[in-house]
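Tertiary structure, described
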Amino acid sequence: MRPLPTCLLSDGRPARVSRGHDPDRFVEIGSLTKVVTSTALLRLAEAKTLDPQDPVERWLPAPAGTGVTLAHLAAHTSGLPRLPPGLSGRDPYAGFDETALRALVGRPQTWDAGEPGRREEYSNFGYAVLGAALVAAAGQPYERLVREHVLDPLGIDAMTAHPPQDRRLCATGWFGRPRKPWTMDGAILPAGGLWATPRAAARLLTRLLVDRAFGEPAPAWRRSGDVVWHNGATRDASVFAGATPDGRWALAHRLGGPHSDTDALGARALRLPVRG
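Let me begin by describing the structure that accompanies this report. (Residues numbered from 1 in each chain as written. Predicted model: local features only at pLDDT ≥ 70, side-chain atom pairs only at ≥ 80, totals over all residues. Heavy atoms only, no water.)

Let's shift gears to helix α4 (residues 124-138). Here α4 spans 21 Å end to end across 15 residues, near enough to the 21 Å set by a 1.5 Å rise per residue. Counting buried residues along α4, 12 of its 15 residues qualify, which places the element largely inside the surrounding structure. Along α4, the residues that are buried comprise Asn124, Phe125, Gly126, Tyr127, Ala128, Val129, Leu130, Gly131, Ala132, Ala133, Leu134 and Ala137. For α4, the secondary structure elements touched by its buried residues are α1 (33-46), α2 (70-74), α3 (98-105), α5 (142-154) and α6 (189-192). The N-cap of α4, judged by a side-chain oxygen 3.4 Å from the amide nitrogen of Phe125 a few residues on, is Ser123. (Helix = DSSP H or I, 4+ residues; strand = E, 2+ residues; numbered from the N terminus. Expected span 1.5 Å × (residues − 1). Buried < 20%, exposed > 50% of the residue type's maximum accessible area, 1.4 Å probe, protein only. Contact = heavy atoms within 4.5 Å. Polar contact = N/O pair within 3.5 Å; in protein donor to acceptor, adjacent residues only side chain to side chain.)

Turning our attention to helix α7 (residues 198-210). Its 13 residues place the ends of α7 17 Å apart at the C-alpha level, agreeing with the 18 Å of an ideal helix rising 1.5 Å per residue. The set of residues buried in α7 consists of Pro198, Ala200, Ala201, Ala202, Leu204, Leu205, Thr206, Leu208 and Leu209. Trailing α7 by a residue or two, Arg212 shows a phi angle of about 50 degrees, which is positive.

Positionally, Arg222 belongs in strand β6 (residues 222-224). Given the relative accessible area of 19%, Arg222 is considered buried. A distance of 2.4 Å separates polar atoms of two side chains, one belonging to Arg222 and the other to Glu120.

Looking at the element boundaries, Gly106 is found in the loop between α3 and α4. Here Gly106 is in contact with Pro61 and Pro63, once residues within four sequence places are set aside.

Ordered in space as β2-β1-β9-β8-β7-β6, the six strands form an open sheet in which the pairing is antiparallel. The open sheet terminates on both sides in strands that have one partner only, identified here as β2 (13-18) and β6. On average, adjacent strands in this sheet sit at an angle of 15 degrees to one another, irrespective of strand direction. In this structure, strand β7 (residues 227-233) lies alongside strand β8 (residues 237-243), joined through six bridges in antiparallel fashion. Each residue of the ladder has a partner; that of Val228, found in β8, is Ala243. (Pairing = 2+ DSSP bridges. Axes fitted to C-alpha atoms, helices over the stretch in contact; angles between N-to-C directions.)

Next up on the list: the side chain of Asp11. Looking at where Asp11 falls in the secondary structure, it is placed in the loop between β1 (6-10) and β2. Classification of Asp11 as buried rests on a relative accessible area of 19%. Within the local environment of Asp11, its side chain forms a polar contact with the backbone nitrogen of Trp249, the two atoms lying 2.9 Å apart. When neighbours within four sequence positions are excluded, Asp11 is seen to be in contact with Gly247, Arg248, Trp249 and Arg271.

Just distances and angles here, no functional claims.
Take a look at the structure:
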């Protein structure tokens, strides 16, 4: 197996970088984007722009009486499936634009999965819907609203859906050519389409979980015992971000390979037991 480009940032230690990774170049962060989206939900609620208990149909053309709130979407308890229906091809999200999302939202059968709030089912589709609702409530494009309400207040510059081409770091094929990343700047963006430098992603982690800049962590963050964490993966990149109550933190990013190995790398940096 080829050694993979790897970057590990953690408390009290210098960056550990190998195989051509770079903590100052933009990489895909996948579902770590959800942390930004759910933090934006709470910030917009503080600004009285919306209420997390708003039904989805207040902001999007969903059928009346879905029973699904913005809070359900943020907590993965909406009952929506993991992925939007109808994805296909090597670039599965390329055709999933605002028109496609609104068409799915408007179908009664989209909301027939059961009683909202009863069980958790991790949903990229749910976060795409949540992001669209935030955009409608704020009257701003997704990138502008998260910049204004989340990233700028945290002092984070190097996080965007559209990084400069010459600062992107992508996985390479066997002949050294960069592999084309998935198209994720459409409707799926709030679920997993942001890019960031590892240093910027680490600042997001530390400002939200260690400094508690906005108070309690947003609902996207996952919890395993005392550890608060989130991970993310695209076709060719994976990331793990986590912190413990005593201030330990770790941000691991790799280009290629299974995301479970990236999670394990982050867990070891936090001095946690790794299963399996």
